[in-house]
Amino acid sequence: MPAGSIKLKTRVVKKNTNPEWNDDLTLTIQDPSLLVKLAVYDKDAFSLDDKMGDAKFDIGQFVEAVKMRLKDLPSGTIIRKIQPSRENCLSGDSCLVWSNGKVVQDMFLMLRNVKSGEIQLQLECVDIPGSRGL
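Now for a description of the structure that goes with this document. (Residues numbered from 1 in each chain as written. Predicted model: local features only at pLDDT ≥ 70, side-chain atom pairs only at ≥ 80, totals over all residues. Heavy atoms only, no water.)

### So, the overall build of the chain
Helices and strands together make up the secondary structure of the chain, namely one helix and six strands. Of the regular secondary structure in the chain, the N- to C-terminal order runs β-β-α-β-β-β-β. Overall size of the chain, expressed as C-alpha extent along the three principal axes, is 55 × 35 × 25 Å. Out of the 134 residues belonging to the chain, those deemed buried represent 25%. Put simply, 34% of the contacts in the chain that link residues at least 6 apart link residues at least 24 apart. Total accessible area on the chain stands at roughly 9,900 Å², and carbon and sulfur atoms take up 48% of it. Taken as two groups, the 19 positive and 18 negative side-chain charges of the chain have centres that lie 3 Å from each other. (Helix = DSSP H or I, 4+ residues; strand = E, 2+ residues; numbered from the N terminus. Buried < 20%, exposed > 50% of the residue type's maximum accessible area, 1.4 Å probe, protein only. Contact = heavy atoms within 4.5 Å. Areas by Shrake-Rupley, 256 points an atom, 1.4 Å probe, with all protein chains shown as cover. Lys, Arg positive; Asp, Glu negative; His and termini not counted. Charge placed at Lys NZ, Arg CZ, Asp CG, Glu CD.)

Okay, structure coming up:
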């Protein structure tokens, strides 16, 4: 998470070497210039959890697209394409897409510091009542 200030956890998926979480997590973005960092752990009952890998990605372009206040675009319109770079762990191109009235980004991230591993995420901006918004 940005600068270690916010930590979110998914539920534990037991007895699975290829887990699928399908969890919805809400992250408040305070500084879109900071990278979002993820870490994947293997839950151990009687010892410290083992780190299985980590990844990072830049959320800035997603936030910029949301701030454009787009509307009336056909669902499926590609707003921007983001390519893998040294600044992110993307395993392939990731598109910012207008979908059902909102900006959505699907991405596949290669886990670092592990032999192999990949994690799939979908970003979506959600208005939270009482928040300042973007």
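### Comments concerning the pattern of salt bridges
Two side chains of opposite charge can pair, provided their charged atoms sit close to one another. The full count for this structure, using the stated rule, is three salt bridges. A salt bridge links Arg-80 to Glu-64, with the nearest nitrogen and oxygen atoms 3.5 Å apart. Residue Arg-80 is located in strand S3 (residues 77-82), and its partner Glu-64 is located in helix H1 (residues 60-67); the two are separated by 16 residues in the primary sequence. Among the residues examined, Arg-80 registers a relative accessible area of 25% and is labelled partly exposed. Taking the relative accessible area as the measure of exposure, Glu-64 reaches 46% and is therefore partly exposed. Here Glu-124 and Lys-102 are joined by a salt bridge, their closest N and O atoms 3.1 Å apart. You can see Glu-124 sitting in strand S6 (residues 118-124) and its partner Lys-102 sitting in strand S5 (residues 102-110), a full 22 residues away along the chain. Looking at Lys-102, the relative accessible area reads 32%, which means it is partly exposed. (Salt bridge = Lys/Arg side-chain N within 4 Å of Asp/Glu carboxyl O.)

### A few points about the sheet that holds S3
Across the sheet, four strands lie side by side as S3-S4-S5-S6; this open sheet has antiparallel pairing. Each having just a single partner strand, S3 and S6 make up the two edges of the open sheet. Taking each pair of neighbouring strands and ignoring which way they run, the sheet shows an average axis angle of 20°. As judged from the seven bridges shared by S5 and S6, these two strands associate in the antiparallel manner. Each residue of the ladder has a partner; that of Gln-105, found in S6, is Leu-123. Contacting S3, strand S4 (94-99), S5 and S6, H1 crosses the sheet at an angle of about 170° to S5. (Pairing = 2+ DSSP bridges. Axes fitted to C-alpha atoms, helices over the stretch in contact; angles between N-to-C directions.)

Just distances and angles here, no functional claims.
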